[in-house]
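Chain by chain, the residues:
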Amino acid sequence: MRKGELTHQAILERAIQLASRLGLQGLSIGGLADELQLSKSGLFAHFRSKTSLQVEILNAATALFTERVIRPALMQPRGEPRLWALFEGWLAWEKELVPEGGCIFVAAATELDDVPGPARDRLVQTQRDWLDCLAQGARIAISERHFLDTVDVEQFAHEMYAMFLGFHHSARLMKDPRAEQRTRRAFETLMRDSRRSDC
């Protein structure tokens, strides 16, 4: 990468952390410039508008999530092992990989659910892609004969996604020390109910 690209990437990495804590709406170009000790005009040259900054933060967060959660899972054997890897990867993302403010996608979903515009559109697409990834994992588990043929893969994805949101709420807002234990139990039940009896 050229120096300008490296600077741009470093800015986005810090912006992801700040946005997960302050919200996309609460993060301004001026505030980010102050945080990074850069000139506002210099930062404006990178993003041009607050909307552009928000979309680029979501793009960068999506790339980071793909690198840290999805790609490692795709290295696992097809079917049930891959779904377990996606589950473990997401828990690691929530607990360790973005520690400052938690999952930016969950934070942004609460903030942008009723705010039309490019940032919301981008967020919706990332979440649809994640649900598709989970559904495809279940579909492959059927084809590998790990899951019953009758499993509704979209329902499976919905329930797995709901577990992630529940974990975020219980762990971060409610500070429930059993949040991870409860989430693991729920996922084990989902997997058991989906599994073929001869596996």
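What you are looking at is a predicted structure, and each value in this text was computed from that prediction instead of being measured. (Residues numbered from 1 in each chain as written. Predicted model: local features only at pLDDT ≥ 70, side-chain atom pairs only at ≥ 80, totals over all residues. Heavy atoms only, no water.)

## Some details on the environment of R48
Just so we agree on the cut-off: Only DSSP runs of H or I with at least four residues qualify as helices, and only runs of E with at least two residues qualify as strands; both kinds are numbered from the N terminus onward. Burial status follows relative accessibility: with a 1.4 Å probe on protein chains alone, a residue under 20% of its type maximum counts as buried, one over 50% as exposed, and anything between as partly exposed.
Looking at where R48 falls in the secondary structure, it is placed in the loop between α3 (40-47) and α4 (50-74). Exposure remark for R48: the relative accessible area of 56% places this residue in the exposed category. Taking the C-alpha atoms as reference, R48 lies 9.0 Å from I29; in sequence the two are 19 residues apart.

## A short note on the side chain of S20
As a reminder of what qualifies: The criterion used for residue contact is that any of the two residues' heavy atoms lie within 4.5 Å.
Topologically, S20 is positioned in helix α1 (residues 3-22). Apart from the residues lying within four places of it in its own chain, the contact partners of S20 are G101, G102, I104 and A107.

## As for the nonpolar core
For clarity, the threshold we go by: Side-chain atoms within 4.5 Å link the members of a nonpolar core, which is a set of buried Ala, Val, Leu, Ile, Met, Phe, Trp, Tyr and Cys residues.
In terms of nonpolar packing, the biggest core is built from 58 residues, with I57, L86, W130, F147, F156 and M160 touching the most fellow members. If sequence neighbours within four positions are ignored, L86 has contacts with V69, I70, A73, W130, C133, L134 and M160.

## Thoughts on the state of the cysteines
This is how the line gets drawn: The disulfide criterion used throughout: a pair of cysteine sulfur atoms within 2.5 Å.
The final tally for this structure, using the stated rule, is 0 disulfides. Cysteine C103 remains unbridged, with the sulfur of C133 as its closest cysteine sulfur at 14 Å.

## Comments concerning the UniProt feature "DNA-binding region" (unreviewed entry) in the chain
Put simply, the test is: UniProt positions are given in the numbering used here, feature names are shortened, and annotations may be inferred rather than shown by experiment.
Here, UniProt's "DNA-binding region" (unreviewed entry) annotation points to residues 28-47. Its end C-alpha atoms 11 Å apart, residues 28-47 is made of 80% helix and 0% strand.

## A short note on the pattern of salt bridges
We apply this condition: For salt bridges, the criterion is a side-chain nitrogen of Lys or Arg within 4 Å of an Asp or Glu carboxyl oxygen.
According to the stated counting rule, one finds 8 salt bridges in the structure shown. The partner of R14 in a salt bridge is E35, and the shortest N-O contact between them spans 2.7 Å. With R14 in helix α1 and E35 in helix α2 (residues 29-36), this residue pair connects regions lying 21 residues apart in the sequence. We classify E35 as partly exposed; its relative accessible area is 39%. Here E80 ties to R195 by a salt bridge, and the two come within 2.7 Å at their closest N and O atoms. You can see E80 sitting in helix α5 (residues 80-97) and its partner R195 sitting in the segment after α9 (179-194), a full 115 residues away along the chain. In this structure, a network of salt bridges that share partners links the residues E88, K95, E180 and R184.

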